[in-house]
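Survey of secondary and tertiary structure
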Amino acid sequence: QVQLVESGGGLVQPGGSLRLSCEVSGFTLDNYNIGWFRQAPGKEREGVSCINTRDGPYYTPSVKGRFTISRDNAKNTVSLQMNSLKPEDAAVYYCSAEPPRDWAAVQAMCVLGDFGSWGQGTQVTVSS
């Protein structure tokens with residue numbers, strides 16, 4: 001069974017940093033597509049960043065230069081380092097997995113939040 005478990009969310013002040021982690025199991029991480037997505041109250045799910053072992057990463061323009069996605073195949077984890085956080089970054093953050101396919105299609109799916117398997121999410125709050 002595919003499982004993804006997010007951790008690392010919390011409360012930070014504007015301008016602060018958080019590092020989110022996603023531990024995956026039930027599939028081989030190598031060349032799988034893994035993404036971080038977020039959903040704020042009253043808004044649709046948004047793709048934040050997606051990566052595989054050969055292509056990417058993709059970042060949504062609003063986070064480029066502030067967020068960094070990385071993966072550790074040995075630990076079966078994918079992380080999202082978030083710096084210079086803004087109030088508009090507040091949301092529940094999810095990680096998700098999608099089997100290998102061509103990168104152009106993966107990017108389109110990432111933008112739409114259309115990956116296949118999902119974790120339960122971790123809350124990120126940005127407030128003074």
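Going by the structure above, here's the rest.
As a starting point, this report considers the structure included with it. Here, residues in each chain are numbered from 1, in the same order as that chain's written sequence. Owing to the predicted nature of the model, reporting of local features is limited to residues with pLDDT of at least 70; listing and counting of side-chain atom pairs is limited to 80 or more, with chain, interface and lining totals taken over all residues. Values reported for side chains reflect all heavy atoms of the structure, with hydrogen atoms and water molecules removed beforehand.

1. A short note on unusual backbone geometry
Rules: Helix numbering and strand numbering both begin at the N terminus, where a helix is a DSSP run of H or I of at least 4 residues and a strand a DSSP run of E of at least 2. Only protein chains enter the accessibility calculation, which uses a 1.4 Å probe. A residue is then buried if its area is under 20% of the maximum for its type, exposed if over 50%, and partly exposed in between.
Cis peptide bonds are those with omega within 30 degrees of zero, and the linkage from Gly-56 to Pro-57 qualifies with 0°. Relative to the helices and strands, Pro-57 resides in the loop between strand S5 (46–51) and strand S6 (58–59). Here Asn-76, not a glycine, exhibits a phi torsion of approximately 55°, which is positive. Mapped onto the elements of the fold, Asn-76 is located in the loop between strand S7 (67–72) and strand S8 (77–82). A positive phi is found at Ser-84, a non-glycine position, where the angle reads about 50°. On the basis of relative accessibility, which here comes to 40%, the residue Ser-84 falls in the partly exposed class.

2. Observations regarding the packing of aromatic side chains
Here is the rule: Stacked, tilted and edge-to-face are the three classes assigned to paired rings of Phe, Tyr and Trp, where Trp is represented by its six-membered ring and a pair needs centres within 6.5 Å; plane angles under 30 degrees give stacked, over 60 edge-to-face, the rest tilted.
If you walk through the whole model with that rule in mind, you get four aromatic pairs. Judged by centre distance (5.3 Å) and plane angle (70°), the ring pair of Phe-37 and Phe-115 falls under edge-to-face. Of this pair, Phe-37 sits in strand S4 (residues 33–39) while Phe-115 sits in the loop between helix H1 (103–112) and strand S10 (117–118), and the two are 78 residues apart along the sequence. A residue is classified by how much of its surface remains accessible, and Phe-115, at 4% relative accessible area, is buried.

3. A word on H1
The condition is simple: Directions are taken from the helix axis to each C-beta atom, and the arc is the one they span. Throughout, a contact is declared for two residues whenever any of their heavy atoms are within 4.5 Å.
If you check which residues of H1 are buried, you get Trp-103, Val-106, Met-109 and Cys-110. For H1, the arc enclosing every buried residue in end-on projection is 120°, short of the 170-degree limit, so these residues lie on one face. Exposed residues pointing more than 90 degrees away from the buried face of H1 are listed as Ala-104 and Leu-112. Contacts from the buried residues of H1 go to S4, S5, S6 and strand S9 (91–98). Of the residues trailing H1, Gly-113 is marked for its positive phi of about 65°.

4. Considerations on the environment of Ile-69
You can see Ile-69 is positioned in strand S7. Overall, the relative accessible area of 5% leaves Ile-69 in the buried class. Sequence separation between Ile-69 and Cys-50 is 19 residues, and the spatial gap between their C-alpha atoms is 7.6 Å. Ignoring any residue separated from it by four or fewer positions in sequence, one finds Ile-69 in contact with Ile-34, Trp-36, Ser-49, Cys-50, Ile-51, Pro-57, Tyr-59, Val-78, Ser-79 and Leu-80.

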